[in-house]
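Observations on the three-dimensional arrangement
Below, each chain spelled out in residue letters.
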Amino acid sequence: MKVIQGGVCAPKGFMAGAVHSGIRKAKTKEDLALIVSSSPCQCAAVYTRNQVKADPLQVTKAHLSDHCARAIIVNSGNANACAVNGYTNALRQAKAAADYLGVDPEQILVASTGVIGQELPIDCIEKAVPTIDLSKENNDLCARAILTTDTKEKIVTVSFEIDGVECSMGGIAKGSGMIHPNMGTMLAFITTDCAISGELLQTILYRNTQITFNRVSVDGDTSTNDMCIVMANGEAGNVCLEQEDEKSVVFEEALHYVMQELAKMIAADGEGATRLMTCTMVNAADETTAETLAMSVCSSSLVKAAMFGADANWGRVLCAMGYTEAAFDPAKVDVCFASEEGEIKVCENGKGLLFDEDLAKKILSKPDVTIIADLHQGTAQATCWGCDLTYDYVKINGDYRT
């Protein structure tokens, strides 16, 4: 596997484009994007577990009943969730893209992100769709169009070989706030020219969602619109993957890498965040225990606030572990903080150590900080990702709608 460039446009047969349609009043950024395959794709998707599900998600779910699609239309600036004409407008959005591309509307997947509860300005979307210029060069434009409060595009691309045939896979994502396990306000779109059945793709996507996107927490909120879609058009020319074997393992490694890197980018770009916070639990009794404990630490407002202040307040780490239902022995836990400045142990066997506060502050002041907890109760481990909690988080969300 190699890291390459190109995002969702890197695989053979895929193009993208984006325009400013008028959903957003400010014309400083595109707000409507299309990702298109030149041939039918086998597809898979995962969705938010929030009981309140946006209408674009419902339309996409219906259109993917046969695992087949040709394109994704996505808008930012309006979630089209809990809106009076939400489902009708999502269908109209799909039809606008279908008419432009000359395909059946059921071949179009729909995604939206933005403010909940407001009517989608569907008329301006219908007028704008035919003006979208589709190109192999438009990945970055598309990646920017799907952003809301994000500060940067999130793009990952790799190439890999299946039976000597070179395949490509590219992904883009948005996500900054309302991020928590079971998806968050995040959209992720991944394309590949590898041939794979929709059923196998769904299995692999679901499995890797659990250990990538579902291990990220920015603020504890789970949104109404979250989804991750993978489209595979098979244009690389490999023999179609239809069962789990050594060939599917290669594909899964590529997908896992793309999803994990996107997940980390989402965590690092949390609303108002100044640093990526990684928490790894090692030597746990089992992976579920390790994941539960790591996720609790990444979700703790007190831990996140301490990370913002570069305060080596390791007691908050143990506290966050302790209020989970996971079984562990606090008297065996060691805690270390690490970054490019080095590593420092601050707790051993559940008790505090004397440590160099100045060094600890240097370590925790870096943009990428890791919390490592050794449970000394087994061999399992798990890593989760979050970010610090800053003043700007409240500023961003205090008047998000108005």
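The present account deals with the structure reproduced in this document. (Residues numbered from 1 in each chain as written. Predicted model: local features only at pLDDT ≥ 70, side-chain atom pairs only at ≥ 80, totals over all residues. Heavy atoms only, no water.)

Observations regarding helix α8 (residues 301–308)
Which entries qualify depends on this criterion: Throughout, exposure labels follow a simple rule: accessible area from a 1.4 Å probe, protein chains only, divided by the maximum for the residue type, with under 20% read as buried, over 50% as exposed, and the rest as partly exposed. Strands here are runs of E lasting at least two residues and helices are runs of H or I lasting at least four, both read from the DSSP assignment and numbered beginning at the N terminus. Arc, as used here, means the arc of the directions from the helix axis to the C-beta atoms.
Every buried residue belonging to α8 is among V303, K304, A306 and M307, and all of these are buried. One side of α8 carries all its buried residues, which in axial view fall inside an arc of 160 degrees.

Side note on helix α10 (residues 357–364)
In plain terms, the rule: We call two residues in contact whenever any of their non-hydrogen atoms come within 4.5 Å of each other. Under the rule applied, a polar contact is a pair of N or O atoms within 3.5 Å (in protein, one hydrogen donor and one hydrogen acceptor; residues adjacent in sequence only if both atoms are side-chain atoms).
Those residues of α10 that fall on the buried side of the exposure criterion are A360, I363 and L364. Along α10, the residues classed as buried sweep out an arc of 90 degrees about the axis, all on the same side. Exposed positions of α10 whose direction lies more than 90 degrees from the buried face are D358 and K362. Looking at the buried residues of α10, the elements they touch are α8, β11 (334–339), β12 (342–348) and β14 (368–374). Its side-chain oxygen 3.0 Å from the backbone nitrogen of D358, D356 forms the N-cap of α10.

Focus on the sheet that holds strand β10 (residues 276–284)
In plain terms, the rule: Two strands pair under a simple rule: DSSP has to find at least two bridges between them.
Ordered in space as β13-β12-β11-β14-β10-β15, the six strands form an open sheet in which the pairing is mixed. Among the strands making up the open sheet, the edge pair consists of β13 (351–352) and β15 (380–387). Sheet topology note: the β11/β12 ladder contains five bridges and is antiparallel. Bridge pairing links F337 to I344 in β12.

Examining the pattern of salt bridges
Keep this limit in mind: Salt bridge, as applied in this entry: a Lys or Arg side-chain nitrogen positioned within 4 Å of an Asp or Glu carboxyl oxygen.
In this structure the tally under the stated criterion is 17 salt bridges. Between E291 and R215 there is a salt bridge; the shortest N-O distance is 3.4 Å. Here E291, found in helix α7 (residues 287–299), pairs with R215, found in the loop between α5 (198–210) and β9 (227–232); they are 76 residues apart in sequence, far enough to count as distant. Residue classification places E291 among the partly exposed residues on the basis of a relative accessible area of 23%. Across the salt bridge formed by E261 and K264, the nearest N and O atoms sit 3.5 Å from each other. One end of the pair is E261 and the other is K264, both in helix α6 (residues 246–268) and three residues apart, which spans about a single turn. Judged by relative accessible area, which is 18%, E261 ranks as buried. Take K264: its relative accessible area is 24%, and that puts it in the partly exposed class. Bridged by salt links that share partners, the residues R92, D123 and E126 form one connected network.

Remarks on the side chain of S248
Of note, S248 is situated in helix α6. Not counting the four nearest positions on each side in its chain, S248 is found in contact with L200, I204, L241 and Q243.

Section: a negative patch on the surface
Selection rule: Only residues whose relative accessible area exceeds 30% and that form no salt bridge enter a patch; like-charged residues are grouped when within 9 Å of one another, and nonpolar side chains (Val, Leu, Ile, Met, Phe, Trp, Tyr) when within 5 Å. Reported accessibility uses the Shrake-Rupley method at a 1.4 Å probe radius. Residues are deemed covered only where the shown protein chains occlude them. Counted as positive: Lys and Arg. Counted as negative: Asp and Glu. His and the chain ends are not counted at all. Here the site of a charge means NZ on Lys, CZ on Arg, CG on Asp, or CD on Glu.
A contiguous patch of negative charge on the surface is contributed by D311, D356, E357 and D358. On the secondary structure map, D356 appears in the loop between β13 and α10.

Let's talk about the packing of α5 against α6
Rule in force here: With axes taken as lines fitted to C-alpha atoms, and helix axes fitted only over the stretch in contact, angles between N-to-C directions fall between 0 and 180 degrees. For classification purposes, angles smaller than 35 degrees are called roughly parallel, those larger than 145 roughly antiparallel, those between 65 and 115 roughly perpendicular, and all remaining angles oblique. The sense of a crossing depends on the near helix, which, turned anticlockwise from the far helix by less than a right angle, makes the crossing left-handed and, turned clockwise, makes it right-handed. Residues are sorted three ways: Asp, Glu, Lys and Arg are charged, Ala, Val, Leu, Ile, Met, Phe, Trp, Tyr, Cys and Pro are nonpolar, and all the rest, Gly among them, are polar.
The geometry of α5 relative to α6 is characterised by a closest axis approach of 10 Å and an angle of 45 degrees between their N-to-C directions. Compared by their axis directions, α5 and α6 come out oblique. Two packed elements cross with a definite hand, and for α5 against α6 that hand is right-handed. Facing L200, L201, I204, L205, R207, N208 and T209 of α5, the residues of α6 in contact are S248, F251, E252, L255, H256 and M259. For the contact of α5 with α6, the per-class residue count stands at seven nonpolar, four polar and two charged.

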